[in-house]
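Overview (structure and organization)
Chain by chain, the residues:
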Amino acid sequence: MTEVTKRLPALPAERALKVISGRWKAIILYHLFDGPKRLSELKRRLPDASQKVLIQQLRELEEHGLVHREIFRQVPPRVDYSATALGLSLEPVLRALCEWGQRHAAELNELDRLAACQLRPAARQAA
């Protein structure tokens, strides 16, 4: 992981944005907050993401310590992806981004164009 950290910005806010930036990374993490998922399940939940991009973003999340990939030695091989403790720590950040996005849309009178935030209720966080 040393090579990875050398490529990340020194400014903490810029570093955080670099680690979670990517069209599907936040959405992948959101789905992994509920527990491990196989690639096929993530692909079903993100139908607009190509499998190539999905795998690339999962690898980057794994490289940055946010996702764990577990390979099960069976026939056919099975791979599960799960959020690490570091990845799970981003849940309140993603919740805050969702809420800010709603406020931003409201300020610009674009609430009618906005999809609902689909983060789980905060009750799970306290558990």
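All values reported here derive from a predicted model rather than from experimental measurement.

1. Some points on the pairing of strand E3 (residues 78–83)
The pairing of strand E1 (residues 37–38) with E3 spans two bridges and is classified as antiparallel. Looking at the pairing, Arg38 lines up with Asp80 of E3. Relative to E3, strand E2 (residues 67–72) runs antiparallel, the two sharing six bridges. Looking across to E3, one finds that His68 is bridged to Ser82.

2. What to know about the pattern of salt bridges
Per the stated rule, a full pass over the model turns up seven salt bridges. Glu63 is the partner of Arg7 in a salt bridge, and the nearest nitrogen-oxygen pair spans 2.5 Å. In this pair, Arg7 is assigned in helix H1 (residues 2–7) and Glu63 in helix H5 (residues 51–63), connecting sequence segments 56 residues apart. A residue is classified by how much of its surface remains accessible, and Arg7, at 57% relative accessible area, is exposed. Judged by its relative accessible area of 30%, Glu63 falls in the partly exposed class. The partner of Arg69 in a salt bridge is Glu62, with the nearest N and O atoms 3.4 Å apart. Judged by its relative accessible area of 27%, Glu62 is partly exposed.

3. Quick notes on helix H3 (residues 25–32)
The buried fraction of H3 amounts to six of the eight residues, a majority that puts the element mostly inside the structure. Along H3, the positions that sit buried rather than exposed are Lys25, Ile28, Leu29, Tyr30, His31 and Leu32.

4. Regarding the packing of aromatic side chains
Between two aromatic rings, the relevant description is the distance of the centres plus the angle of the planes. Overall, the coordinates contain zero aromatic pairs when judged by the stated rule. The ring of Trp24 is capped by Arg23, whose NZ or CZ atom sits 4.1 Å from the centre of that ring. We note Arg78 situated over the ring of Phe72; from NZ or CZ to the ring centre the distance is 3.9 Å.

The rules behind the values
- Residues numbered from 1 in each chain as written.
- Predicted model: local features only at pLDDT ≥ 70, side-chain atom pairs only at ≥ 80, totals over all residues.
- Heavy atoms only, no water.
- Pairing = 2+ DSSP bridges.
- Helix = DSSP H or I, 4+ residues; strand = E, 2+ residues; numbered from the N terminus.
- Salt bridge = Lys/Arg side-chain N within 4 Å of Asp/Glu carboxyl O.
- Buried < 20%, exposed > 50% of the residue type's maximum accessible area, 1.4 Å probe, protein only.
- Phe/Tyr/Trp six-rings, centres within 6.5 Å; stacked < 30°, edge-to-face > 60°.
- Lys NZ or Arg CZ within 6 Å of the ring centre and 35° of its normal.

Keep in mind these numbers describe shape, not what the thing actually does.
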